[in-house]
Amino acid sequence: ERAGGDPPERFERKLYRFQAALGKDWRRRKALIPLARIAERRGNLEMAIRFVRQAVEASEGIPTRHLLDDQEYLERLEGMRKGDQ
């Protein structure tokens, strides 16, 4: 949805590179959340949950609204996973 005209695979590769370049910087969540959405769309809830957990961990201790949004997204994904079991 935010690929800016790039083919989805190319955009995904850019997200992986961006996330890796940021290392432990809390702003890496800007790549992790779209990667989670891609994984969710593909039906890979485990990978989506892993990405969102990393985003939550990256934002812990940072006064940002994004942390709350990411925690809600994580809860929703975990609820979906429990519904599948």
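See above for the structure.
Residues numbered from 1 in each chain as written. Predicted model: local features only at pLDDT ≥ 70, side-chain atom pairs only at ≥ 80, totals over all residues. Heavy atoms only, no water.

Peer 1: It is not clear to me how the pattern of salt bridges should be interpreted in this structure. Could you clarify?
Peer 2: When the charged atoms of two side chains with opposite charge come close together, those side chains can pair. Inspection of the entire model under this criterion finds 7 salt bridges. Glu12 serves as the salt-bridge partner of Arg42, at 2.7 Å between the closest nitrogen and oxygen. Pair noted here: Arg42 is in the loop between helix H2 (29-41) and helix H3 (45-59) and Glu12 is in helix H1 (residues 8-22), with a separation of 30 residues, a long-range link. Across the pair Arg29 and Asp70 runs a salt bridge, and its minimum N-O distance is 2.7 Å. With Arg29 in helix H2 and Asp70 in helix H4 (residues 65-84), this residue pair connects regions lying 41 residues apart in the sequence. Residue Arg29 shares its accessibility class with Asp70, and that shared class is buried. (Salt bridge = Lys/Arg side-chain N within 4 Å of Asp/Glu carboxyl O. Helix = DSSP H or I, 4+ residues; strand = E, 2+ residues; numbered from the N terminus. Buried < 20%, exposed > 50% of the residue type's maximum accessible area, 1.4 Å probe, protein only.)

Peer 1: Is there a simple way to think about the packing of aromatic side chains in this case?
Peer 2: In this description, a pair of aromatic rings is defined by centroid distance and the angle of the planes. Evaluated as defined, the whole model comprises 1 aromatic pair. Directly above the aromatic system of Tyr73 lies the positively charged group of Arg37, at a separation of 4.5 Å from the ring centroid. (Phe/Tyr/Trp six-rings, centres within 6.5 Å; stacked < 30°, edge-to-face > 60°. Lys NZ or Arg CZ within 6 Å of the ring centre and 35° of its normal.)

Peer 1: Please explain H1 as it appears in this structure.
Peer 2: Along an α-helix, a turn takes 3.6 residues, which lines up residues three or four apart on a common side. Look at H1: 21 Å from first C-alpha to last across 15 residues, which is about the 21 Å you get at 1.5 Å a residue. Positive backbone phi, approximately 55°, marks Gly23, located one or two places after H1. (Expected span 1.5 Å × (residues − 1).)

Peer 1: Please explain the nonpolar core as it appears in this structure.
Peer 2: The biggest cluster of nonpolar side chains holds 20 residues, and the ones touching the most others in it are Leu15, Ala36, Val52, Tyr73 and Leu77. Broken down by secondary-structure element, the contributors of at least two residues to this core are H1, H2, H3 and H4. With sequence-adjacent residues up to four places away left out, Leu15 is seen in contact with Lys30, Ala31, Pro34, Leu35 and Ile38. (Core = buried A, V, L, I, M, F, W, Y, C linked by side-chain atoms within 4.5 Å. Contact = heavy atoms within 4.5 Å.)

Peer 1: Where do I start with the packing of H2 against H3 in this structure?
Peer 2: Geometry of a packed helix pair, given as the angle between the helix axes and the separation of the axes. The N-to-C vectors of H2 and H3 enclose an angle of 165°; their axes lie 8 Å apart at closest approach. Compared by their axis directions, H2 and H3 come out roughly antiparallel. For the element pair H2 and H3, the recorded crossing hand is left-handed. Only Leu45, Met47, Ala48, Phe51, Val52, Gln54, Ala55 and Ser59 of H3 make contact with H2, whose side of the interface consists of Arg29, Leu32, Ile33, Leu35, Ala36, Ala39 and Glu40. When its residues are assigned to classes, the contact of H2 with H3 shows 11 nonpolar, 2 polar and 2 charged. (Axes fitted to C-alpha atoms, helices over the stretch in contact; angles between N-to-C directions. Parallel < 35°, antiparallel > 145°, perpendicular 65-115°, else oblique. Left-handed = near helix turned anticlockwise from the far one by under 90°. Nonpolar A, V, L, I, M, F, W, Y, C, P; charged D, E, K, R; others polar.)

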